[in-house]
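Geometric and topological summary
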Amino acid sequence: MDPAVMQTLDQRMTKTILALKEELSAVRTGRASTNLLDRIVVQAYGSETPLNQVATLNVPEPRLITIQPWDKKLIKAIEKGILESDLGLNPSNDGVLIRVPLPELNEERRKELVKMVQKTGEQTKVALRNVRREAMEMYKKQEKNKEISQDDLRHLEKVVQEHTDQRVKEVDEIVAHKEADVMRV
């Protein structure tokens, strides 16, 4: 029995779930969060730079994000990066600080966001099942090469399936929590 297969399975599933959490952190809820701006890149010093590497981000109020650029020359580039994102936000600046007010989400937009969250959750489950399938194929190959017995194969398939079921349940919990966050007024 090769423990490396199980270890690889666990590592890949963990990475898949971390990717889901990262993806969902950028989905807008009713409250302001600096995570919302994580994917925004700014044209700075001749290259594209993540926003959080050129400015300090704060949430002084539940519906406001403030951005204080470390170099005031970047204010226009930061505003442009926010406007070009698909977040639908409208930044304003006073020459020193950029304010990004978050408008109230209407019911229709909340439902769209929930559908997007559910779709992302389903894609993650498919990715987990693909990892499971690859692990099963590796074990079947080991059984075919007489490295493990048929009994070992059945036991390992059961263990892999239980591990996959546990991770799918974790995805369902993460998605449900994010849906509740989005729908909270």
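Residues numbered from 1 in each chain as written. Predicted model: local features only at pLDDT ≥ 70, side-chain atom pairs only at ≥ 80, totals over all residues. Heavy atoms only, no water.

**Things to note about the overall build of the protein**
Check the secondary structure of the protein and you find four helices and six strands. Dimensions of the protein, computed from the C-alpha atoms along their principal axes, are close to 70 × 40 × 20 Å. Partitioning the intrachain contacts of the protein with sequence separation of at least 6 by distance along the chain shows that 63% fall at a separation of at least 24. Here the protein carries 31 positive and 31 negative side-chain charges, and the mean point of each set is 2 Å from the other. (Helix = DSSP H or I, 4+ residues; strand = E, 2+ residues; numbered from the N terminus. Contact = heavy atoms within 4.5 Å. Lys, Arg positive; Asp, Glu negative; His and termini not counted. Charge placed at Lys NZ, Arg CZ, Asp CG, Glu CD.)

**What about the confidence of the model for the protein?**
Looking at the protein, the pLDDT average stands at 86 and 97% of residues meet or exceed 70. Summarising per-element confidence for the protein, the mean pLDDT is lowest in strand S1 (residues 41–44) (85) and highest in helix H4 (residues 150–183) (91). (pLDDT = per-residue confidence, 0-100.)

**Considerations on the sheet that holds strand S4 (residues 64–69)**
The four strands lie next to each other as S3-S4-S6-S5, forming an open sheet whose pairing is antiparallel. Of all the strands in the sheet, just strand S3 (55–61) and strand S5 (92–93) have a single pairing partner and so form its edges. Pairing geometry for S3 and S4, over five bridges, is antiparallel. By the bridge assignment for S4, Ala55 is matched with Pro69. (Pairing = 2+ DSSP bridges.)

**Concerning the pairing of S1**
Here S1 shows a clear split, with Val42 and Ala44 buried on one side and none of Val41 and Gln43 buried on the other. The pairing of S1 with strand S2 (residues 47–50) spans four bridges and is classified as antiparallel. Bridge assignment links Ala44 to a residue of S2, and that residue is Ser47. What sits between S1 and S2 in their antiparallel hairpin is a turn of two residues, with Tyr45 showing a positive phi close to 55°. (Buried < 20%, exposed > 50% of the residue type's maximum accessible area, 1.4 Å probe, protein only.)

**Observations concerning unusual backbone geometry**
A positive phi angle, close to 55°, is found at Tyr45, a residue other than glycine. Position of Tyr45 among the secondary structure elements: in the loop between S1 and S2. The exposed category is assigned to Tyr45, whose relative accessible area is 63%. Unusually for a residue other than glycine, Lys146 sits at a positive phi of about 65°. Topologically, Lys146 is positioned in the loop between helix H3 (107–144) and H4.

**Here we look at the nonpolar core**
Leu9, Leu24, Val27, Tyr139, Val160 and Val171 are the most contacted members of the largest nonpolar core, which totals 25 residues. Of all elements in the fold, only helix H1 (3–25), H3 and H4 reach the threshold of two or more residues within this core. Filtering out sequence-adjacent residues up to four positions away, Val171 remains in contact with Ile17, Leu20, Gly121, Thr124, Lys125 and Leu128. Residues Leu57, Ile82, Leu89 and Leu102 belong to the second largest nonpolar core, which totals 22 residues. (Core = buried A, V, L, I, M, F, W, Y, C linked by side-chain atoms within 4.5 Å.)

**What about the side chain of Thr164?**
For Thr164, the location among the structural elements is in helix H4. Leave out the neighbours within four places in its chain, and Thr164 touches Met13, Leu128 and Arg132.

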